[in-house]
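Report on the structure
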Amino acid sequence: MAQLGSYALLFALALSGYSFVAGLVALMRPGSERMGETARRAGIAVCACVFLASLVLVVSAFQDDFSIAYILHHSNHDLPAPYKFATLWSGQEGSLLFWSLLLGAYGLVLRLRHKTDPRLFAYASVVIAAVQVFFLLLLNFAAHPFATVQGTIPADGNGLNPLLQYPEMVIHPPMLYLGYVGFTVPFAFALGALAMRYPGEKWIHITRRWTMVTWGFLTCGIFLGAHWAYSVLGWGGYWGWDPVENASLMPWLTGTAFLHSVMMQEKRGMLKMWNMWLVFATFWLAILGTFLTRSGIISSVHAFAQSGIGSWFVWFLALSCATFAFFFFKNKSHLQSEHKLEALVSRESSFLFNNLLFVLACFTVLWGTWFPKISELVQNTKVTVGPPFYNSVAIPVALLLLLLTAVGPLLAWRKTSLESLKRNFLWPTYGAVAVGIAMMIFGVRPWKDIAYFYALMSAMLSTLVALTVISEFVRGGRVIAGHTGQNLLGAIVHLWHRNTRRYGGYIVHFGVAVVVIGILGTPFNKEVEKEMGYGDKMAIGPYTLVCRSYTQEEKPNYGSEWAILDVFKGDKQITQLFPERRFYKASQQTQTMPQIYPTFREDFLLVKDLYVVYEGVNQDTGRPIIKAHLNPLVPWIWAGLVIMIFGTIIGLVPNAAPIRVPVAARVQAAPVGAGD
Amino acid sequence: MISAVKARVKRALQLAALSLALLLLLGAGDSGSRFNELGHRMMCVCGCSQILLECNHVGCKYSDRMRDELMAAVDRGDSDDLTLQAFVQKYGTTVIAAPTNKGFNRVAWVMPFLALGLGLTTVVFIVRAWKNRPTPALADGIKPLRGSELEQFRAQAQKETEL
């Protein structure tokens, strides 16, 4: 089996090399269409070979083939089937293979759709082949997933890290990788368009869906990672500003900036150079993230094992930067803006500030992530850049972004009158102020702690965003209803269908507001810890936990002990929780499995997570220790993600055919509802 | 009469908003209890990469001891600087959760604001350059609308779409 996988990877490398070189030659020599076609087919064959190699690795995991070192180190006999499948991305070599597989799959779709614009697609295909060559070089020469065990083959594997044995292991990494890898496609089109001095903005239209889908995957991956940390790590938090978390956030920030600024290029022919740099930065940061995770250059709680592949990434990052810079400076005259800015209060200027803030946020995260290394190099002293730094610097930027999220959609292209801005903004502002006053009446004292101040501002700005989005839907729906006689809901659906991207985007904004509401509960978290014997009680907020029993269980993969706790609110029992602590046999490691109860039924809008951890047994007293957290509003974070993904999907639906209105000769008919 | 009431309501809401903003500004500097504040300025050194007061590992060899030491320092009345210095000497510089505002570490704090200043300057420069750019030429036979005629079309579009 190992031989088959190994040869598949070797073939894939040869084919991707051919796809790159032949594709390049075909582009440079006119009349080489047949060579170009062979390059395209070679690119398709790369996907088949990498798929075969991945399949071999997964089958080897299921067959417990411990002669393959990778399987030995990341699996064991009794590992449940879903985690055996997930072995493919559990370790460094496998995850690089998975990267290559996803790139192959994206490349396959791109190459199959080449008739949309054969020449542009040929350029993009060459760029994808070049990136594929790099990853296949790594897989064949630096991080070989089919390396075999020398000497005696152990009877059982080392098993998967207990932290990774959680259902989200099966879905979080693929989502994140689909996001990371997916940004290669818009980058490939951008570089292709730049290299060939592509006329017009068609490449933007072609890549729009790619970018949105990729952004959706990355968003999903980041949030699933946060949920995983929340559900497994047992400290009641979901984001720790760890370098690896930051690595996923950086391309998301620039990708989000690109999704906004690209509209300037589509609608007004502006920001062409900036968009090129943004799409490159997003791709580059995705690779940088992969480098950070794998090189061990920056210490992180969930970095992969340190290895020597860091230098490979450094060279690749430098080479990609040089290539892009070469084409940019060679052809930048092609990227001149076509229009002028007519007014400061306009959609254009809001996008400029939006981009400034996104890029600033990205720079802050990048700077904070690298500063420990810079400090070590400059003053030979290690420093920590932890949550206090990011909370001080990034949160104000995030609040400004939230303000722009509320204001931006109310601004028209070219020019917005202050009168219309005031008219549209008045009631949402009153609503936001009302929320702020209500929070202060109910005891939030922003002068006591900066965290409360941030929470209050976040609540007010989130309300502002949510209300502006709702008012946009209602106002547009009323206009449609007035013209068509539909009810308001039908009119809103009609409205959305006329410009799906615009209204999908609004739903995403609404989701962001909901996420922020979920985050702002953090300063109000409570926690208690107690040794609990049978019948002992522990109170947290309005809830009381009563210990009913403790029990143990032996499973093939792990042994576990857990508590049975009744949860009361007042005199009424609302649920029973089973916090657990597992001991994984293969890896000889323990892992807590917290139990989380979202109190939707008890306090819907002000929902809290009752988060209970079985921490273990006090060796001195022999009594189990239970820790409970009460985390207000956290479930809204996950609800916000669902809304964001829903908005992204809504935005991907093709628009209905525009309604054209016959008008007098001098004025051209224009699509109704256009202009997001 | 109704418009006068409306104006008063509007004025009252504006006053409420202003009062709230002032209240927020007044309160922005307060910092809470010292133990809590200092405990959130340090990391647990067990390798978990968590803030000292948030480390929750059962049997963690460091966090309980460090919390006790911090409590003792606060009870003794040691200053913030003295307490943090004592922790640095005992556990190394990485115990401080964020770079200090001294020496080269100050660069960590300055750079994001420098970037903001640079970014804002660039945006202002771009906006000015774009505003001063000559209007692109139109195709033959098309005259750009100006003045009252343009305003008339804008008003018509607004009236028809109400957007």
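Residues numbered from 1 in each chain as written. Chains lettered and ligands numbered in written order. Predicted model: local features only at pLDDT ≥ 70, side-chain atom pairs only at ≥ 80, totals over all residues.

What follows deals with the packing of helix H16 (residues 450-484) of chain A against helix H17 (residues 488-498) of chain A. Residues and elements named next belong to chain A. Their axes nearest at 8 Å, the elements H16 and H17 cross at an angle of 105°. Between H16 and H17, the crossing angle belongs to the class labelled roughly perpendicular. In contact with Phe473, Gly476, Gly477, Arg478, Ile480, Ala481 and Thr484 of H16, H17 contributes Leu488, Ala491, Ile492, His494 and Leu495. (Axes fitted to C-alpha atoms, helices over the stretch in contact; angles between N-to-C directions. Helix = DSSP H or I, 4+ residues; strand = E, 2+ residues; numbered from the N terminus. Parallel < 35°, antiparallel > 145°, perpendicular 65-115°, else oblique. Contact = placed C-beta atoms within 7 Å.)

Another aspect to go through is helix H19 (residues 634-652) of chain A. Residues and elements named next belong to chain A. With 19 residues, H19 extends 28 Å between its outermost C-alpha atoms, agreeing within 8% with the 27 Å of an ideal straight helix rising 1.5 Å per residue. Every buried residue of H19 is accounted for by Val634, Trp636, Ile637, Gly640, Leu641, Met644, Gly647, Thr648 and Gly651. When H19 is viewed along its axis, its buried side chains cluster within an angular range of 150° and face the same direction. Its buried side turned inward, H19 meets helix H9 (202-232), helix H18 (500-519), strand S9 (608-617) and strand S10 (624-632). (Expected span 1.5 Å × (residues − 1). Buried ≥ 20, exposed ≤ 12 C-beta atoms within 10 Å, placed from the backbone. Arc of directions from axis to C-beta.)

Moving on: the pairing of strand S7 (residues 589-593) of chain A. Residue and element names in this part refer to chain A. Pairing geometry for strand S6 (residues 580-584) and S7, over five bridges, is antiparallel. Bridging from a neighbouring strand, Phe583 pairs with Thr590 of S7. What sits between the antiparallel neighbours S6 and S7 is a turn of four residues, in which Gln588 has the positive phi angle 60°. (Pairing = 2+ DSSP bridges.)

All right, on to the sheet that holds strand S1 (residues 526-531) of chain A then. Residues and elements named next belong to chain A. Strand order in this open sheet of four strands is S1-S10-S9-S8, and the pairing throughout is antiparallel. Whereas interior strands pair on both sides, the edge strands pair on one side only; in this sheet they are S1 and strand S8 (595-598). Between one strand axis and the next, the sheet turns through 15° on average, direction left out of account. Here six bridges tie S1 to S10, and the two strands are oriented antiparallel to one another. Paired with Lys530 across the two strands is Ile626, which belongs to S10.

Residues and elements named next belong to chain A. A large share of helix H7 (residues 172-182) lies buried, amounting to nine of its 11 residues. Taken as a whole, H7 has its buried residues at His172, Pro173, Met175, Leu176, Tyr177, Gly179, Tyr180, Val181 and Gly182. Buried residues in H7 make contact with helix H5 (92-112), helix H8 (184-195), H9, helix H10 (243-268) and helix H11 (272-295).

A word on the domain arrangement of chain A. Residue and element names in this part refer to chain A. Here chain A is partitioned into domain 1 (1-161), domain 2 (417-521 + 636-652) and domain 3 (524-632). Here the C-alpha centre of domain 3 lies 43 Å away from the C-alpha centre of domain 1. On the side of domain 3, five residues touch domain 1, which itself brings nine residues to the contact. Across the side of domain 1 that touches domain 3, the residue classes break down as two nonpolar, five polar and two charged. (Domains from an automatic or database assignment. Nonpolar A, V, L, I, M, F, W, Y, C, P; charged D, E, K, R; others polar.)

Take the pairing of S10(A) next. Residue and element names in this part refer to chain A. Counting buried positions along S10 gives eight out of nine residues, so the element sits mostly inside the fold. Bridging between S9 and S10 involves nine bridges; their strand directions are antiparallel. Each bridged residue has a counterpart across the sheet, and for Val617 the counterpart in S10 is Pro624. Linkage of S9 to S10, two consecutive antiparallel strands, is achieved through a turn of six residues, within which Gly622 is found at a positive phi near 75°.

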